[in-house]
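Here's the letter readout for the chains.
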Protein chains: 2
Amino acid sequence: MKDNNDTKNRILEEAEILFAEKGFNAVSIREVTAAARCNTGAVNYHFQSKKKLYMEVFRSRWIPRELKMYEHLKETLAKVESPSPATVIKAVAEAYLEGPLSEEELRRHRQLIIREINNPTEAFEMVADQTLRPLFAYLQGRLHPYLPGHLDDESLTLDIMSIFGVLLYFTYSRPMISRVTGRKYDPEFKARLVNQVVRFSLEGLGVDGKEGK
Amino acid sequence: MKDNNDTKNRILEEAEILFAEKGFNAVSIREVTAAARCNTGAVNYHFQSKKKLYMEVFRSRWIPRELKMYEHLKETLAKVESPSPATVIKAVAEAYLEGPLSEEELRRHRQLIIREINNPTEAFEMVADQTLRPLFAYLQGRLHPYLPGHLDDESLTLDIMSIFGVLLYFTYSRPMISRVTGRKYDPEFKARLVNQVVRFSLEGLGVDGKEGK
DNA sequence: GTCTATAGCAGGATAGAC
DNA sequence: GTCTATCCTGCTATAGAC
């Protein structure tokens, strides 16, 4: 395990950037290898095909990164005795909007999953199994005891989805938000979004927003 | 204006279906013309290039359809004296989730705009100018007088965006919702989503959800 | 493990027959 | 206005040198 997978990693890095920005079909192997400063043969040597390179981006980069965010979330919640819904939602919103990732990393991360949600490939099943479904189950378990108003699990599922809807929307539609509102997406604005999502979500859940603030 | 633009219309129709399903780059002219039962030359004759065909799909189909939804929305609201936020939101949710469009049409419609939001091309500016910005302005004007809690316009803008976030999410992520919850996306489920969005959004706006129900 | 060279194919766009 | 035939470019993937 010397550093001879240096090229391999550079390819993965550049491939992720390009796939996120332009989508699978709009990216050519030549483009990736030019960015990674190596030759097209290297992709086929390390990953066999373009499709498998795409899958590997999710397997070895996207999923671990998403799991890192879950860890961040769980650590935040571990510090609190028995976290209220307000605390849970705030932790999720922060992990998703500010979180342990850089702004550019987060943006790429979202673009990739939006593409998969809008237009699923094999990558989606892998991602859903290893990240999305477990996270949903986790949040459902966290929130369920506090929300006796949700008699059936489906109501709670839909509410959790609504929260993700808002969260995803505010990251993936960043260019649109700037264009429609003319507002710059600076840290101040981002903090404001977190508050917005927390307040909106909590009240959507029918919980008093001030409780955990 | 005989019916000699029959081929032209078939191309537009099939192009929209394919662009929505697979995205611009994944669709070839050959694929479109095969579906439209004509030859590749016809595309270049009628639209000059693939890119211009894509733009024309938005210009002559997507934007008019979106405007039709706004008309539907405005007609609904015209029947009510001075509609409350609850009525406004419910009308928006219905227009967006049930609306005047068929389920397949609505799905395609969403997929196209999600792609543009995630990855804007020239089509986005056109769409934003002619549909998104006017709709935002309209809703802002409708809701503003009823929400004295929103002292600045930006809070209201963000709240309206949150509502769109949930709405868009529930249409574009339909495959994901089915996959994650195992629930079929039938009319019953769709009606449930409308209620969910209305309740969640209204409470997110800080308005009593029962008022307009 | 990384490179060059190339096979083999598919795509966009055009020219010209009908 | 629609078709066929064709050009040319750019792509993936492979074979083989280093």
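Draft legend 1. Geometry of the protein's contact with DNA strand C. In the vicinity of DNA strand C there are 14 residues, among which Thr7(A), Asn39(A), His46(A), Ile29(B) and Arg30(B) approach most closely. Sugar and phosphate atoms form 64% of the subset of DNA strand C atoms that lie within 4 Å of the protein. Between Thr7(A) and DNA strand C, the recorded distance is 2.5 Å, taken from a side-chain N or O atom to a phosphate oxygen. Within the side chain of His46(A), a nitrogen or oxygen atom sits 2.5 Å from a phosphate oxygen of DNA strand C. For the surface near DNA strand C, the elements supplying multiple residues, two or more each, are α3 (40–47) of chain A together with α2 (29–35) and α3 (40–47) of chain B. Residue classes in the surface near DNA strand C are distributed as 4 nonpolar, 8 polar and 2 charged.

Draft legend 2. How the structure looks around the layout of surface pockets. By volume, the largest pocket amounts to about 540 Å³. Of all the secondary structure elements, the ones that give two or more residues to the lining of the largest pocket are α1 (6–22), α4 (50–78) and α6 (103–118) of chain A together with α4 (50–78) and α6 (103–118) of chain B. Classifying every residue of the lining of the largest pocket gives 9 nonpolar, 10 polar and 8 charged.

Draft legend 3. Quick look at the interface of chain B and chain A. With 51 residues of chain B in contact, the opposing surface of chain A contributes 51 residues. Of the roughly 4600 Å² buried between chain B and chain A on both sides combined, carbon and sulfur atoms contribute 59%. Ranking the residues of chain B by area buried against chain A places Asn118(B), Arg179(B) and Phe200(B) at the top, with a combined share of 15%. Linking chain B with chain A are 0 salt bridges. At the junction of chain B with chain A, the criterion picks out 4 residue pairs in polar contact (both at pLDDT 80 or more). Class assignment of the residues belonging to the side of chain B that touches chain A gives a composition of 24 nonpolar, 14 polar and 13 charged.

Draft legend 4. Looking closely at the side chain of Gln140(A). Residues and elements named next belong to chain A. Relative to the assigned elements, Gln140 resides in helix α7 (residues 122–143). Residue classification places Gln140 among the buried positions, given a relative accessible area of 19%. Not counting chain neighbours up to four residues away, the residues in contact with Gln140 comprise Asp153, Leu156, Thr157 and Ile160.

Draft legend 5. Seen up close, helix α5 (residues 85–97) of chain A. All names here are of chain A. Between its first and last C-alpha, α5 extends 18 Å over 13 residues, near the 18 Å set by a 1.5 Å rise per residue. Within α5, 10 of the 13 residues are buried, which leaves it mostly tucked inside the rest of the structure. Buried within α5 are the following residues: Pro85, Ala86, Val88, Ile89, Ala91, Val92, Ala93, Ala95, Tyr96 and Leu97. In this structure, the buried residues of α5 make contact with α4, α6, α7, α8 (153–172) and α10 (187–205). Phi turns positive one or two residues past the end of α5, at Gly99, with a value near 55 degrees.

Draft legend 6. The relation of the copies chain B and chain A, seen in detail. Its rotation angle being 180 degrees, the transformation that places chain B on chain A also includes 0.0 Å of axial translation and leaves an RMSD of 0.0 Å. Such a combination of rotation and displacement between the chain copies is what one expects of a two-fold axis. Counting the interface residues of chain B, we find that 100% of their copies in chain A are interface residues as well, pointing to one common contact surface.

Draft legend 7. Looking closely at the domain arrangement of chain A. Residues and elements named next belong to chain A. Segmenting chain A into domains produces domain 1 (1–48) and domain 2 (57–205). Between domain 1 and domain 2, the C-alpha centre-to-centre distance is 29 Å. If you look at the interface, domain 1 gives 10 residues, while domain 2 gives 9 residues. Roughly 870 Å² is buried in total at the junction of domain 1 and domain 2, and carbon and sulfur atoms are behind 54% of that figure. Contact with domain 2 buries surface across domain 1, with Leu12, Glu16 and Ala20 losing the most and accounting together for 63% of the total. The interface formed by domain 1 and domain 2 includes 3 salt bridges. Between Glu13 and Arg61 there is a salt bridge, with its nearest N and O atoms 2.9 Å apart. If you look at where domain 1 meets domain 2, you find 6 residue pairs in polar contact (both at pLDDT 80 or more). Considering only residue class, the side of domain 1 that touches domain 2 consists of 5 nonpolar, 1 polar and 4 charged.

Draft legend 8. Representation of the protein's contact with DNA strand D. Ile29(A), Arg30(A), Thr7(B), Asn39(B) and His46(B) are the nearest of the 14 residues found near DNA strand D. Take the atoms of DNA strand D that sit within 4 Å of the protein: sugar and phosphate atoms are 65% of them. Contact between DNA strand D and His46(B): a phosphate oxygen at 2.5 Å from a side-chain N or O atom of the residue. Those elements that place two or more of their residues in the surface near DNA strand D are α2 (29–35) and α3 of chain A together with α3 of chain B. Partitioned by chemical class, the residues of the surface near DNA strand D number 4 nonpolar, 8 polar and 2 charged.

Analysis parameters
- Residues numbered from 1 in each chain as written.
- Chains lettered and ligands numbered in written order.
- Predicted model: local features only at pLDDT ≥ 70, side-chain atom pairs only at ≥ 80, totals over all residues.
- Heavy atoms only, no water.
- Near = heavy atom within 4 Å.
- Polar contact = N/O pair within 3.5 Å; in protein donor to acceptor, adjacent residues only side chain to side chain.
- Helix = DSSP H or I, 4+ residues; strand = E, 2+ residues; numbered from the N terminus.
- Nonpolar A, V, L, I, M, F, W, Y, C, P; charged D, E, K, R; others polar.
- 1 Å grid on protein atoms, 1.4 Å probe; cavity = no way out; pocket = protein on both sides within 12 Å on 5 of 7 lines; lining within 4 Å.
- Points joined across faces, edges and corners; volume = space filled by probe spheres on them.
- Contact = heavy atoms within 4.5 Å.
- Buried area = accessible area lost by both parts, 1.4 Å probe.
- Salt bridge = Lys/Arg side-chain N within 4 Å of Asp/Glu carboxyl O.
- Buried < 20%, exposed > 50% of the residue type's maximum accessible area, 1.4 Å probe, protein only.
- Expected span 1.5 Å × (residues − 1).
- Least-squares fit on C-alpha atoms with pLDDT ≥ 70 in both.
- Domains from an automatic or database assignment.

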